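Results of the structural survey
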Number of protein chains: 2
Amino acid sequence: MNGQMMQQPLLISSLLTHAERHHGAQQIVSRRVEGDIHRQSFREFASRARRMANALIALGVKSGDRIGTLAWNGHRHMELYFAVSGSGAVLHTLNPRLHTDQLAWIADHAEDQVLFFDLSFMPLVEAVAPRMTTIKAFVAMTDRAHMPASSRIDGLLCYEDLLAAHDDRYVWPTFDENTAATLCYTSGTTGNPKGVLYSHRSTVLHAYAVALPDSLNCSARDVILPVVPMFHVNAWGLPYVACMVGAKLVLPGPGLDGRSLHELLESEGVTLSAGVPTVWQGLLAHVEAHDLTFSTMRRTVIGGAACPPAMMRCFQEKHGVQVIHAWGMTELSPLGTACVLKGDLASLSSEQRYAIQAKQGRAVPGMDMKIVDEHGAELAWDGKQSGELMVRGPWVVSRYLKNEGGDPLVDGWFPTGDVATIDADGFMQITDRAKDVIKSGGEWIGSIDIENIAMAHPQVSMAACIGVPHPKWDERPLLVVVKKPGAELTRDDLLSFFEGKVAKWWTPDDVAFVEAIPLGATGKMLKNKLREQFKSHPLATAWA
Amino acid sequence: MNGQMMQQPLLISSLLTHAERHHGAQQIVSRRVEGDIHRQSFREFASRARRMANALIALGVKSGDRIGTLAWNGHRHMELYFAVSGSGAVLHTLNPRLHTDQLAWIADHAEDQVLFFDLSFMPLVEAVAPRMTTIKAFVAMTDRAHMPASSRIDGLLCYEDLLAAHDDRYVWPTFDENTAATLCYTSGTTGNPKGVLYSHRSTVLHAYAVALPDSLNCSARDVILPVVPMFHVNAWGLPYVACMVGAKLVLPGPGLDGRSLHELLESEGVTLSAGVPTVWQGLLAHVEAHDLTFSTMRRTVIGGAACPPAMMRCFQEKHGVQVIHAWGMTELSPLGTACVLKGDLASLSSEQRYAIQAKQGRAVPGMDMKIVDEHGAELAWDGKQSGELMVRGPWVVSRYLKNEGGDPLVDGWFPTGDVATIDADGFMQITDRAKDVIKSGGEWIGSIDIENIAMAHPQVSMAACIGVPHPKWDERPLLVVVKKPGAELTRDDLLSFFEGKVAKWWTPDDVAFVEAIPLGATGKMLKNKLREQFKSHPLATAWA
């Protein structure tokens, strides 16, 4: 027997309609590539999204067609988020930091039909366009006045011209909530990138989970600045969440340096921001250097990589900004866990609370997780045993686009490739990527713990710990370090810093000082490159 | 093209599994009809729910069968919430305040197979059991020691005996999320009650919406005491929300008097409670009389009827408890709107904020609403025009059980029977029930405004405003008033209290002082009874 409630599909267009009807005066503020600060209300935004939906039809876009974007966080990108998915097509956000070979491969693999791009990516698009074989139309996301005088792209279209040519009378179609809505490729540090095809249902459910008090806690009183790019797993769902709850949205465009970000945080009264640790490092450096403060920001969400404890203390103790440590993956839409304390933990000492906040947190409602040993047996939630993290939930991938790589699931669970512990309160902590674990004498050394200790040293700017081959122990840890400018730091200084902080056999065997650590397109350290670079690094211990 | 995310149905059992795995140590505290305070963890609760699921199978309960309960808010009722729905049967919560004729009619109409009841309802069940023709088993929700020595019910079963006879190994079945989960009848002030059949999907989506920061804002740091009964629209979804977010749950059993409630609020550290105005009146009277405070309660949700402004001020100004005015209906699962201010309203004066807080609030995400005139045309959101409130959303009824009353929808919208305004910020205010509106000379007078003014008079305990027939104006307002004990209040005193507060023609023509105003089974004033009683009330103005 079925219940007898309204059958209303969970559609992305319904989030836009909600924003327009219930929060029509709320603002979207964008720093644009043209150099100005642009403001529009949700009401104007919804009207422009409907114009764009009409423009897409005129361009011949059909339900299910993939529409590519190469764009920063900005209002036109927001309009495409809703115009493309809302009309039944699939928004494919391309990462402009990828190599041109990968970009061309991905656009081709996705069979993108139209490519929308910000002016700053004009040279990139000109370089790669001849190899994007399925794209029938290229659209520069600007107005007529800013269109380039000439371009190597035949028939280049202008975004604002398209809008002006269509009116805003458009009724968002109703369809099955399992219809594909957006497409995002994994960063693919090994092998070709794989496409994750989100549905309207998964996106809307994810937005509910993200907005909850123990997740990112988003309300109509919030001013949200997603530093995390809209080309990177839909900016962690925040464009959808802002519409759902009626929050003001501040979109920083290409201005991701410390000065531009701080200026925008202050001038727009931002209360909540979200990004990866590397961006926050630039922001904090700027704030420290100029003795600045955060006058409105209350919470910052840090994910994409583990938040170094020193960064967490700086935000919380010096600046009164609560850090919400979070964890997710492209395959998880992306939010899996958020680290917000439970009620009975409020009485803990500051140090005990920091120890919990260093964890990636609790599964958000709707997400389930477990850790398993190498035979797939579930391990205890004691905060000690570590094993591969497996997840499941209505916004977790079930297979990749075109079934690349075959069935990724194991007994209905998605293996994350992360190694983690879970404590009795359900707080999960990533100890390593499965492929980054250092296997020393049959035991595992978690590289992230080692890096966090190194990062706490006042003269260290960035640190990566990798395993290098060792004749006796199979692998031993090598610490690769970027010093702060002007720092006088020796190998022995740094290694002695580990004393008492970690088991003796976890202490790295050596330190290699480098100018820079290679980062991937999403800002993560490329440890596979480091392993390649240092595979013959001579460890003194190898001859002991 | 479909998205390729996991197909995981939204099931009530998944909320329980989440609570058990991620919040296993969290507590459910119950004041029981046996007189004691009972405590159990979510882990124990989940284990007992699984035992009960096995017991239901042994009783012959099949998927889709309706299982009745006549019970207070308590842990055994919670166990049934999850055991019955989780195993695929339908939980039918019966309202023990209904007349026995109605109870028998409803249980028969629903074709309930089993009836679980708290010991305090033993006499009621004995009286009505012979007329409940479909019920095959009666279960007293107590242990062997508290079972009555004899009973007029043949083969009366004991709840704890059932649990003891079954083990807790049970795997919650997976099925379509549109499957019926729970059943609740409307209060039916006119005609027979009608059954609203909620699905697993509608219940889980509703729980997400209820927990959001701008709704009831529920987290794992909360201690929630639902005063609103679990037999009344699933206690506004709070049993599900507590499992979803891992909040501590405090269940007051039959102790709904001011003293019992205050004791429990304080001893268990309750942070959030929810109930109808009439219950809060008893609580506040007790608190005032004994000069007590609320040391942990931060928010209270008031719904079911409009919150009198004087009550709101008392909670907020004297006790530092934020009032969240909310509105819902049985047909809406029940939450439709919650009144939480938007960011740009924070700078308003205290009086301006109270004027907004007097409204029932904004539609929670997922719910849409509109107001229409008598021809069905949508009215402007200007805070002035009033019309019938229509709603739609995935937790709104589409038709009643057995199609009673035919198709209730108009163009896909559910007509609420409430008359309301909506302002430009989306805040909705109920001005009246459509059937309670006083039609005077072709214009409408909202009875709730009049009642709120009367309730603000220090000598008034309760007030109802009804229309009585008038030879010239069709209807004119009559104010029916219960004075506070010992109050010396005259008709003219009270009518002069309206001067300057309301348009002259809205001022009631007369006052009738009464000992009590009749209340329905859900605590609402029965104005149809008052209209019947006062239909020949002689208005002096009728001869003017």
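The rules we used
- Position numbers for residues count from 1 along each chain, tracking the sequence in the order it is written.
- Each chain is given a letter, starting from A, and each ligand a number, starting from 1, according to the order in which they appear as written.
- For a predicted model such as this one, the threshold for reporting local features is a pLDDT of at least 70, and the threshold for listing and counting side-chain atom pairs is 80 or more; totals across whole chains, interfaces and linings nevertheless cover every residue.
- Computation of side-chain values: all heavy atoms of the structure, hydrogens and water removed.
- A pair is scored as a salt bridge if a Lys or Arg side-chain nitrogen falls within 4 Å of a carboxyl oxygen belonging to Asp or Glu.
- Where helices and strands are cited, they refer to DSSP runs of H or I of at least four residues and of E of at least two residues respectively, numbered from the N terminus.
- Only protein chains enter the area calculation, which uses a 1.4 Å probe; residues under 20% of their type maximum are buried, those over 50% are exposed, and those in between are partly exposed.
- Whether two strands pair depends on DSSP finding at least two bridges between them.
- The convention used is that axes are lines fitted to C-alpha atoms, helices contributing only their stretch in contact, and that angles between N-to-C directions extend from 0 to 180 degrees.
- By definition in this entry, angles of less than 35 degrees are roughly parallel, angles greater than 145 are roughly antiparallel, angles of 65 to 115 are roughly perpendicular, and the rest are oblique.
- Residue contacts are counted whenever heavy atoms from the two residues lie within 4.5 Å of one another.
- Each residue gets one of three labels, nonpolar for Ala, Val, Leu, Ile, Met, Phe, Trp, Tyr, Cys and Pro, charged for Asp, Glu, Lys and Arg, and polar for the others, Gly among them.
- When two parts are brought into contact, each loses some accessible area as probed by a 1.4 Å sphere; the total of that loss over both is the buried area.
- Distance and chemistry together define a polar contact, namely a pair of N or O atoms within 3.5 Å, with one atom able to donate a hydrogen and the other to accept it when in protein, and with adjacent residues in sequence counting only for side-chain atoms on both sides.
- Two helices that cross are described as forming a left-handed crossing if the nearer one is turned anticlockwise from the farther one by less than a right angle, and a right-handed crossing if clockwise.

All names here are of chain A. The full count for this structure, using the stated rule, is 69 salt bridges over all chains. Residue Glu160 pairs with Arg76 through a salt bridge whose shortest N-O separation is 2.8 Å. Of this pair, Glu160 sits in helix H6 (residues 159–164) while Arg76 sits in helix H3 (residues 75–86), and the two are 84 residues apart along the sequence. The class of Glu160 is buried, set by a relative accessible area of 17%.

Put simply, side chains in a regular strand alternate between the two faces of the sheet. Residues and elements named next belong to chain A. As judged from the five bridges shared by strand E19 (residues 414–422) and strand E20 (residues 428–433), these two strands associate in the antiparallel manner. When the bridges of E20 are listed, Asp418 appears paired with Arg433. Between the end of E19 and the start of E20, which pair antiparallel, lie five residues, with Gly426 showing a positive phi angle near 90°.

Attention now moves to the packing of helix H3 (residues 75–86) of chain B against helix H8 (residues 238–245) of chain B. Residues and elements named next belong to chain B. Packing of H3 against H8 leaves a shortest axis separation of 11 Å and a crossing angle of 80°. Taken as axis vectors, H3 and H8 run roughly perpendicular relative to one another. Residues Met78, Tyr81 and Phe82 of H3 form the contact with H8, whose own contacting residues are Pro239, Tyr240 and Cys243. Considering only residue class, the contact of H3 with H8 consists of six nonpolar, no polar and no charged.

This part takes up the environment of Ser461(B). All names here are of chain B. Within the secondary structure, Ser461 is located in strand E23 (residues 460–470). For Ser461 and Ser496, which are 35 residues apart along the polypeptide, the C-alpha to C-alpha distance reads 18 Å. The residues contacting Ser461, other than those within four sequence positions of it, are Gln281, Met455, Val482, Lys483 and Lys484.

Counting from both sides, the interface comprises 74 residues of chain A and, opposite them, 74 residues of chain B. Between chain A and chain B, the buried area comes to about 5,800 Å², and carbon and sulfur atoms account for 54% of it. Broken down residue by residue, the surface that chain A buries against chain B is led by Met1(A), Met5(A) and Met6(A), which jointly contribute 15%. Taken together, the connections running from chain A to chain B amount to eight salt bridges. The shortest N-O distance in the salt bridge between Arg21(A) and Asp368(B) comes to 3.0 Å. Where chain A packs against chain B, one counts 38 residue pairs in polar contact (both at pLDDT 80 or more).

What follows concerns the packing of helix H2 (residues 42–58) of chain B against H3(B). Residue and element names in this part refer to chain B. The geometry of H2 relative to H3 is characterised by a closest axis approach of 8 Å and an angle of 60° between their N-to-C directions. In terms of orientation, H2 and H3 fall into the oblique class. H3 is crossed by H2, and the crossing has right-handed handedness. Contacts between H2 and H3 involve Phe45, Arg48, Ala49, Met52, Ala53 and Leu56 from the first element and His75, Arg76, Met78, Glu79, Leu80, Phe82, Ala83 and Val84 from the second.

Purely geometric numbers; function is a separate question.
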